[in-house]
Amino acid sequence: MKLNGSYEHDIKLMENLTAGDPTVKLRDFEGRYNPAIRCRIFFSDGMVSSQLLSDGILEPIINFRGELPRDEILDYMALAVLELPEVRRSVDSGDMAEALNYGDVLLFADGQPGALIIGCKNFTYRGISEPEEEKVARGPREGFTEPIMINISMLKRRLRTHKLRIDMVTVGERTSTACGVISLDGVTDEKLVRQVKELVEKIEIDGILSSNYISELIDPAPFGFFRRIGSTARPDVAAAKLLEGRVLIMVDGSPQVLTLPFVFLEHFQSPEDYYVTWHHAAFSRVLRMAAFALSITLVPVYVAVLNYHPGTFPTMMIMNIVALQQATPFSALTEAVLLLIAFDLLREAGLRTPASVGQTLSIVGALILGQSAVEANIVSPSMLIVVALSGVTGLIINDLRNQVVLIRFMLLAFGAAAGLWGIAAGITMVLGRMAEIGSFGADYLTGMPLNAQGSHEDSLFRTPISRMKKSGRFMARRDRP
Amino acid sequence: MKRIMIIFVSVLCLAALTGCHEGDLQQFYIVTAAAVDVEDGRYKLTLEGSANRLDESKNPQPALQTGRGETITQCLQDIQSRSGELPYMRHSILIALSQASINEVLDELVAYIQGEDSIRLNVRAVMAKEGEAAMLLNDSEFASSRILKSFTGGAKRLTTADVQLYDLMYCLDSPGIDGWMPVSGQEGTEGIALLSGYSYGGYLEPRLVPSFLMMTGKAEGGSLTAEVGGKYVSFSLTDCSRRLDVSLVNGVPRVSVGIKADFRLRDMPEHTAEVYEAALEKRLVSEGHEVFERLKASACDALGAGQQLSRLSPSVWEQAEGRWHELFSQAELELDIDCRLESRGKTEGME
């Protein structure tokens, strides 16, 4: 809604707009030496710096000694009176309300329609700390925080180039959340940047409360099993992704920055890989892949082999297993399902409980429950070992834990129904699907063996940094020399 | 629709491909050895397997189960109906046969094994020295393990043969070669049983086993003694190769066996190498002829002379094949043994 120019009308309209918000404060004041200057400011309590408000707005106007052109009073104040850097004029009440809610001060003055929106923010936010899920032993300890501007500043410190491009888009009918589509000119594919920006701009939703909203809304296959959009809470990782030719989406209020395209191999990359020697990084990455493979196949293969191919076990081992299995009331499949569910319940409980309780929970869950279940002949120890090993290896790739749980259950069903043939069929289906899908122009299996897309310097293994000197090596600018 | 069809066909294929789920693991009776006897013209199958309970040191305990029937399948069904457990044969390591069962049902047994994929072909075959084969398995420990160790170890010491099921079945199925298997008693391995076709042919005592193994080309290593200067001296066999040549002269097979064997002296040398070599050759020639006579008497062509003839002279073999066992009983042996002593330690003229 546009303001019509009458001072009384405009401030009345603003009062009505903010009537339901008791945190919005207002103050009328006049010039000490020039009583013709009549002003009113609106601001949100707790979001504005009193010091800036007093020194930058009230004091210069009240003590202004000169004459002010009445018809251009706001423009003149912005130009020559106010001592704050961020000032702009607006006549749109919606724009003003948004600014007010974001910690800006609205200054109305008798004589010129509209108001000045003055940047005077001073709200508290979480300090910069290391992200819990992306901790490294060596390397920077910084993590993104909630305000987008702070996050952008962290990124800018790492990429001191004028080619860093930030396209701001406001999303959310009611939240008006600021989102930044960030790319690196000359490295990121222009078409990709345009595509992502258009997708974000086209979002129609009442509110955006975290970056995951954007992730799901622009995901080309929202019902898909695999994630096609990555996320990170580390500025060093975000900068590296930009250098690789990816696009970032930052969302105000969310420490998670989205990165796209996202390929399967990224699940196995860790920030730590680039802060240790390449031998160690390559070994760790292979270990993570092996852990993933073990995690999804160990229980299904064990159940399949027990049910369909017990001849493959060494004789003494199968005798032990059968003897122990006979002491329990459940079949191998039932035991596996029950234990997997119990493990996932314990894991969820561990995630949702405070750290002090978590340790007790793990002792009760892992030691007491497990041991008691075996002693009471409810489950066989061999199955407990297999499930525990599978569960622990599944936790190594934190990023993939949801997929691991689902794939594991799917393979377990296939293995229980058709033995190793079933598991082979299940794995073929999963791999087939992964080969079929893509993420914003990149194959999902980019960087994997037999995939021609992308480079292989930082794929299954990390090669020395000397081989990865050029930015954009991973994707996007494939015509790059 | 296409996707549904693909899923449907995949599920159908999987179900059809699988087909090996034999029952719940909790019902399995893991069989480690089987003894086949014949009782009143019917099979008596004794299985040694896990009792499905662990002892105090968490080791599985053995349990014997016996079934009777007209066929092996009926015996297994008998065991299953009585115990409620499903015999699982894939972990079997030993099949024990009595002399009577070899004579009466070996052909049926081989046919059963050939049609059954649940028995591994590297299972060892053994004949019970006397009485029922089931007696071999009657032990508080896993007898199969003990017996297996005795003749796999024995084969390396030249004291007995280690015959796997596929070796035996090859000999039984192939023309011009006969099978044999180790003989086991309560005390351990005791010589070799010679087969003539699908029947028991005769027995070879332990004394002749080293020569037999060297003549059949199955000697891998082990120790051998020979009398040198009134004392028995021990040698280690380090390498042995056999050459076999067969011809039919005036309707009589002439079997020429050449053996080249390398030995190492185990004791301090007291004589020249030639003395030791001559002593070894003397023993092997003497025993070799004795073995051959025993093979002839048993109508057991364990050397594979007939098979060699079929390879060297197919037309001659065509005429001899039908009455090979009869011809082999009249065969003449030409034995050429060349023993060589390694690391002799003394040279000529030192005595």
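These figures come from a predicted structure and were not determined experimentally. (Residues numbered from 1 in each chain as written. Chains lettered and ligands numbered in written order. Predicted model: local features only at pLDDT ≥ 70, side-chain atom pairs only at ≥ 80, totals over all residues.)

Peer 1: Could you clarify how one ought to interpret the overall build of chain B in this entry?
Peer 2: Broken down by element type, chain B carries 10 helices and 13 strands. Its C-alpha atoms put chain B at 90 × 60 × 55 Å along the principal axes. (Helix = DSSP H or I, 4+ residues; strand = E, 2+ residues; numbered from the N terminus.)

Peer 1: I keep staring at the packing of helix 9 (residues 278-308) of chain A against helix 13 (residues 381-396) of chain A and nothing clicks. Help me out?
Peer 2: Packed helix pairs are specified by the crossing angle of their axes together with the interaxial distance, meaning the distance between the axes. Residue and element names in this part refer to chain A. The contact between helix 9 and helix 13 brings their axes to 8 Å, and the two run at 150°. One finds that helix 9 runs roughly antiparallel with respect to helix 13. Note on packing geometry: the crossing formed by helix 9 with helix 13 is left-handed. Counted together, Arg 288, Ala 291, Leu 294, Ser 295, Leu 298, Val 299 and Tyr 302 of helix 9 and Val 386, Val 387, Leu 389, Ser 390, Thr 393, Gly 394 and Ile 396 of helix 13 form the full contact between these two elements. Looking at the contact of helix 9 with helix 13, its residues break down into nine nonpolar, four polar and one charged. (Axes fitted to C-alpha atoms, helices over the stretch in contact; angles between N-to-C directions. Parallel < 35°, antiparallel > 145°, perpendicular 65-115°, else oblique. Left-handed = near helix turned anticlockwise from the far one by under 90°. Contact = placed C-beta atoms within 7 Å. Nonpolar A, V, L, I, M, F, W, Y, C, P; charged D, E, K, R; others polar.)

Peer 1: Explain the domain arrangement of chain A here, please?
Peer 2: How big an interface is tends to be expressed through the accessible area that disappears when the partners come together. Per the domain assignment, the segments of chain A are domain 1 (7-118), domain 2 (132-262) and domain 3 (274-436). Look at where the C-alpha atoms of domain 1 of chain A and domain 2 of chain A centre, and you get two points 34 Å apart. (Domains from an automatic or database assignment.)

Peer 1: When you look at helix 9 of chain A in this model, what are you seeing that I'm missing?
Peer 2: For an α-helix, 3.6 residues make a turn, and residues three or four places apart therefore share a direction. With 31 residues, helix 9 of chain A should reach 45 Å at 1.5 Å per residue; the first-to-last C-alpha distance of 42 Å fits that figure. Most pronounced at A:Thr297, the bend in helix 9 of chain A amounts to some 40°, and the proline A:Pro300 follows within four residues. (Expected span 1.5 Å × (residues − 1). Bend = angle between axes of the 7 residues up to and from the residue.)

Peer 1: Honestly, the nonpolar core in this entry has me stumped. Any pointers?
Peer 2: General note: in soluble globular proteins, nonpolar side chains tend to be found buried as a group. Formed by 140 residues in total, the largest nonpolar core has its most connected members in A:Val303, B:Val36, B:Ala96 and B:Trp180. In this structure, A:Val303 is in contact with A:Ala332, A:Leu333, A:Ala336, A:Leu412, A:Gly415 and A:Ala416, ignoring residues within four places of it in sequence. Counting 43 residues, the second largest nonpolar core, distinct from the first, contains A:Leu184, A:Val263, A:Phe440 and A:Ala442. (Core = buried A, V, L, I, M, F, W, Y, C linked by C-beta atoms within 7 Å. Buried ≥ 20, exposed ≤ 12 C-beta atoms within 10 Å, placed from the backbone.)

Peer 1: Explain the pairing of strand 7 (residues 177-184) of chain A here, please?
Peer 2: In regular strands, side chains alternate between the two faces of the sheet. Residues and elements named next belong to chain A. The buried fraction of strand 7 amounts to eight of the eight residues, a majority that puts the element mostly inside the structure. Here strand 7 shows a buried face lined by Thr 177, Cys 179, Val 181 and Ser 183 and a second buried face lined by Ala 178, Gly 180, Ile 182 and Leu 184. In this structure, strand 6 (residues 164-171) lies alongside strand 7, joined through eight bridges in antiparallel fashion. Note on strand 7: the bridge partner recorded for Arg 165 is Ser 183. Taken together, strand 6 and the strand that follows it, strand 7, pair antiparallel across an intervening segment of five residues, in which Gly 172 is found at a positive phi of about 105°. As paired elements, strand 7 and strand 9 (residues 247-251) share four bridges and run antiparallel to each other. Residue pairing for strand 9: Ile 182 is matched across the bridge by Leu 248. (Pairing = 2+ DSSP bridges.)

Peer 1: When you look at the domain arrangement of chain B in this model, what are you seeing that I'm missing?
Peer 2: Residue and element names in this part refer to chain B. Taken as a whole, chain B is organised into domain 1 (26-204) and domain 2 (209-351). On a C-alpha basis, the centres of domain 1 and domain 2 stand 31 Å from each other. Across the contact, 21 residues belong to domain 1 and 29 residues belong to domain 2. Of all the secondary-structure elements, those providing two or more residues to the side of domain 1 that touches domain 2 are helix 4 (143-156), strand 8 (188-196) and strand 9 (199-204). In terms of residue count, strand 8 provides more of the side of domain 1 that touches domain 2 than any other element does, five residues in total. Classifying every residue of the side of domain 1 that touches domain 2 gives 10 nonpolar, eight polar and three charged.

Peer 1: Can you help me understand the packing of helix 9 of chain A against helix 11 (residues 332-352) of chain A in this one?
Peer 2: Residue and element names in this part refer to chain A. Contact geometry of helix 9 with helix 11 gives a least axis separation of 9 Å together with a crossing angle of 165°. Considering the angle they form, helix 9 stands roughly antiparallel to helix 11. Taken as a pair, helix 9 and helix 11 cross one another with a handedness that is right-handed. Across from Val 299, Val 303, Leu 306 and Asn 307 in helix 9, the residues of helix 11 making contact are Ala 332, Leu 333, Ala 336 and Leu 340. Tallied by class, the residues present in the contact of helix 9 with helix 11 amount to seven nonpolar, one polar and no charged.

Peer 1: What am I meant to see in the interface of chain A and chain B here?
Peer 2: Each partner contributes residues to the interface: chain A has 22 residues there, and chain B has 21 residues. Secondary structure elements with two or more residues in the side of chain A that touches chain B: helix 9, helix 10 (315-326) and helix 14 (401-436) of chain A. Sorting elements by how many residues they give to the side of chain A that touches chain B places helix 10 of chain A first, with nine residues. Split by residue class, the side of chain A that touches chain B holds 13 nonpolar, nine polar and no charged.

Peer 1: Hey, could you run me through the sheet that holds strand 4 (residues 105-109) of chain A in this one?
Peer 2: By definition, the strands of a sheet pair up through backbone hydrogen bonds, in either a parallel or an antiparallel sense. All names here are of chain A. Read from one edge of the open sheet, five strands run 1-2-4-5-3, paired in antiparallel fashion. Across the chains shown, the open sheet's two edge strands, defined by having one partner strand only, are strand 1 (24-30) and strand 3 (87-90). Strand after strand, the sheet turns through a mean of 25° between neighbouring axes, direction not considered. Sheet topology places strand 2 (residues 38-44) next to strand 4; four bridges connect them, and they run antiparallel. By the bridge assignment, Cys 39 is partnered in strand 4 with Ala 109.

Peer 1: I keep staring at the environment of A:Ser129 and nothing clicks. Help me out?
Peer 2: Residue and element names in this part refer to chain A. As for its position among the elements, Ser 129 is in the loop between strand 5 (115-118) and helix 5 (148-158). Judged by C-beta crowding, with 13 C-beta atoms within 10 Å, Ser 129 ranks as partly exposed. Put simply, Ser 129 and Asn 151 are 22 residues apart on the chain and 12 Å apart in space, counted from C-alpha to C-alpha.

Peer 1: Could you clarify how one ought to interpret the sheet that holds strand 11 (residues 231-249) of chain B in this entry?
Peer 2: Residues and elements named next belong to chain B. Judged by pairing direction, the sheet is mixed, and its four strands sit side by side in the order 10-11-12-13 without closing on themselves. Two strands bound the open sheet, and with one partner strand each, they are strand 10 (222-228) and strand 13 (332-342). Between one strand and the next, the sheet's axes are offset by a mean angle of 40°, whatever the strand orientation. Contacting strand 11 and strand 12 (252-265), helix 8 (residues 305-312) crosses the sheet at an angle of about 45° to strand 11.

Peer 1: Quick question: what am I supposed to make of the pairing of strand 6 (residues 124-128) of chain B here?
Peer 2: Residues and elements named next belong to chain B. Extensive coverage of strand 6 is indicated by the burial of five of its five residues. As defined by bridge partners, strand 5 (residues 94-97) adjoins strand 6 across four bridges and the pair is classed as parallel. Across the sheet, residue Ile 95 finds its bridge partner in strand 6, namely Ala 125. Between the parallel elements strand 5 and strand 6, the chain passes through helix 3 (residues 99-114) in a crossover that is right-handed. Here two bridges tie strand 6 to strand 7 (residues 180-185), and the two strands are oriented parallel to one another. Bridge assignment links Ala 128 to a residue of strand 7, and that residue is Ser 184. (Right-handed = clockwise from strand over helix to strand, strands pointing away.)

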